[in-house]
Amino acid sequence: MVFDAMSFDPRTSFGPRVAAAYDDVPRGDEAPAVERLAELAGRGPALEFAIGTGRLALPLAATGVRVDGIELSAAMIEQLRAKPGGASLTVVCGDMAVVEMPERYSLVYIAFNSLMNLLTQDEQVQCVANAARHLDSGGRFVVENVVPDAMYVLRQDRDGIDQYVNAGQIGSEGVTVEVGRFDRVTQRVDKCHLGVTASGIALDPLALRYVWPSELDLMARLAGLRLLTRWSGWTGEPFDSRSVRHVSVYGRAT
């Protein structure tokens with residue numbers, strides 16, 4: 001069995017099997033995330049890039065904010081539609097870096113590292129510019145993303161390539177393992193989740209491009225935005241040198 005990481009296609013990575021299990025393990029931050037997004041959206045409307053199964057969009061809509069979405073995976077949209085209230089959301093299937101909605105929004109947001117699903121810096125710059133285009137005059141653009149410091153403490157193999165192997169679930173029925181390699185030049189990580197059971201091996205490949213907070217700030221400046229505030233979580237925890245995640249809020253530069 002040969003897995004060619006460079007042939008990875010993000011359009012198919014969240015197919016029916018992944019989409020069906022995507023909400024099986026809640027991340028636990030849904031309530032504070034929705035509360036913060038509702039505060040930033042005001043009366044709305046809001047637009048979510050990579051809306052997925054509606055993990056945040058549906059409870060945000062339940063607060064009274066109208067939420068639209070853009071999502072690359074048809075299978076994820078199908079899961080969203082099957083949930084209560086999912087059929088009433090306007091969701092376009094397409095690339096969040098290029099799809100343009102007809103309206104302008106008080107809030108555009110990208111949650112849970114979804115910006116990194118775009119695998120080149122050019123695509124990420126294009127996405128931030130697209131978000132800026134969708135904002136009304138007082139709108140806010142919010143990005144929740146991991147801080148990639150951990151990629152720089154990985155073990156190097158004999159070819160000098162940063163890599164890791166992490167054990168997940170371990171039990172009598174099987175094990176799950178995540179393996180990955182990180183390219184410092186492109187800031188791309190190619191990884192695969194392996195599920196090993198008596199019935200066989202299941203592979204879930206994934207590729208991401210890590211983006212630094214300062215790099216994101218520059219992307220925003222190129223789009224005519226400026227950083228307004230940055231927290232290390234949805235409840236407003238201070239962002240400092242020990243933070244492993246950030247929630248960054250941008251507005252139009254004046």
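Residues numbered from 1 in each chain as written. Predicted model: local features only at pLDDT ≥ 70, side-chain atom pairs only at ≥ 80, totals over all residues. Heavy atoms only, no water.

S.K.: Whenever I open this one, the sheet that holds strand S10 (residues 200-209) confuses me. Can you help?
M.R.: Strand order in the open sheet formed by 5 strands is S6-S7-S8-S9-S10, with antiparallel pairing between adjacent strands. Edge positions in the open sheet fall to strand S6 (155-156) and S10, since each of these has one partner strand only. (Pairing = 2+ DSSP bridges. Helix = DSSP H or I, 4+ residues; strand = E, 2+ residues; numbered from the N terminus.)

S.K.: Any chance you could explain the pairing of strand S1 (residues 46-49) here in plain terms?
M.R.: A two-sided burial pattern is seen for S1, the buried positions comprising Ala46 and Glu48 on one face and Leu47 and Phe49 on the other. By the bridge criterion, 4 bridges tie S1 to strand S2 (residues 67-71) in an arrangement that is parallel. Opposite Phe49, over in S2, you have Ile70 as the bridge partner. Read from S1 through helix H3 (residues 57-62) to S2, the crossover connection turns out right-handed. Across 4 bridges, S1 lies against strand S4 (residues 105-110) in parallel orientation. Bridging from a neighbouring strand, Leu47 pairs with Val108 of S4. (Buried < 20%, exposed > 50% of the residue type's maximum accessible area, 1.4 Å probe, protein only. Right-handed = clockwise from strand over helix to strand, strands pointing away.)

S.K.: Any chance you could explain the nonpolar core here in plain terms?
M.R.: The tendency in soluble globular proteins is for nonpolar side chains to be buried as a group. With 41 residues, the main nonpolar core has Phe49, Val108, Leu115, Cys127, Phe141 and Leu216 as its most contacted residues. When sequence neighbours within four positions are dropped, the list of residues in contact with Val108 reads Leu47, Phe49, Ala131, His134, Leu135, Arg140, Phe141 and Val142. Core analysis: the next-biggest nonpolar cluster, separate from the first, contains 25 residues, Ile51, Val67, Leu107 and Val142 among them. (Core = buried A, V, L, I, M, F, W, Y, C linked by side-chain atoms within 4.5 Å. Contact = heavy atoms within 4.5 Å.)

S.K.: For this particular structure, what's the right way to read the pattern of salt bridges?
M.R.: Opposite charge on two side chains lets them pair, provided their charged atoms get close. Applying the stated rule across the entire model yields 15 salt bridges. Here Arg17 makes a salt bridge to Asp204, at a shortest N to O gap of 2.5 Å. Placement of the pair is Arg17 in helix H1 (residues 16-21) and Asp204 in strand S10, with a sequence separation of 187 residues. You can call Asp204 partly exposed: its relative accessible area is 25%. Where Arg55 meets Glu30, a salt bridge forms, and the shortest distance between an N and an O atom there is 3.0 Å. One end of the pair, Arg55, is in the loop between S1 and H3; the other, Glu30, is in helix H2 (residues 30-41), with 25 residues separating them in the sequence. Glu30 matches Arg55 in its accessibility class, with the two residues each being buried. (Salt bridge = Lys/Arg side-chain N within 4 Å of Asp/Glu carboxyl O.)

S.K.: I'm lost on the packing of aromatic side chains in this one. Help?
M.R.: The relation between two aromatic rings is expressed through the spacing of the ring centres and the mutual angle of the planes. On inspection of all chains with the given rule, the structure shows 3 aromatic pairs. Ring geometry for Phe14 versus Tyr22: centroids 6.4 Å apart, planes at 80°, classification edge-to-face. When the ring of Phe182 is compared with that of Tyr210, the centres are 6.1 Å apart and the planes differ by 85°; the resulting orientation is edge-to-face. Here Phe182, found in strand S8 (residues 174-183), pairs with Tyr210, found in the loop between S10 and helix H6 (213-222); they are 28 residues apart in sequence, far enough to count as distant. Judged by its relative accessible area of 3%, Phe182 falls in the buried class. Assessed through its relative accessible area of 11%, Tyr210 is described here as buried. Above the ring of Phe112, the side-chain terminus of Arg55 is found at 5.7 Å from the ring centroid. Across the ring face of Phe239, the terminal group of Arg230 is positioned such that the distance to the ring centre comes to 5.7 Å. (Phe/Tyr/Trp six-rings, centres within 6.5 Å; stacked < 30°, edge-to-face > 60°. Lys NZ or Arg CZ within 6 Å of the ring centre and 35° of its normal.)

S.K.: Please explain the side chain of Glu215 as it appears in this structure.
M.R.: Inspection of the secondary structure puts Glu215 in helix H6. Beyond its immediate sequence surroundings of up to four residues, Glu215 is in contact with Gln121, Gln187, Arg209 and Tyr210.

S.K.: Looking at this structure, I do not really get the pairing of S4. What am I missing?
M.R.: Moving residue by residue along a regular strand, the side chains alternate between the two faces of the sheet. When you tally the buried positions in S4, you get 6 out of 6 residues, the bulk of the element. Here 5 bridges tie S4 to strand S5 (residues 135-146), and the two strands are oriented parallel to one another. Note that in S5 the partner of Tyr105 across the bridge is Leu135. Assessed by its sense of winding, the connection that carries the chain from S4 through helix H5 (residues 121-133) to S5 is right-handed.

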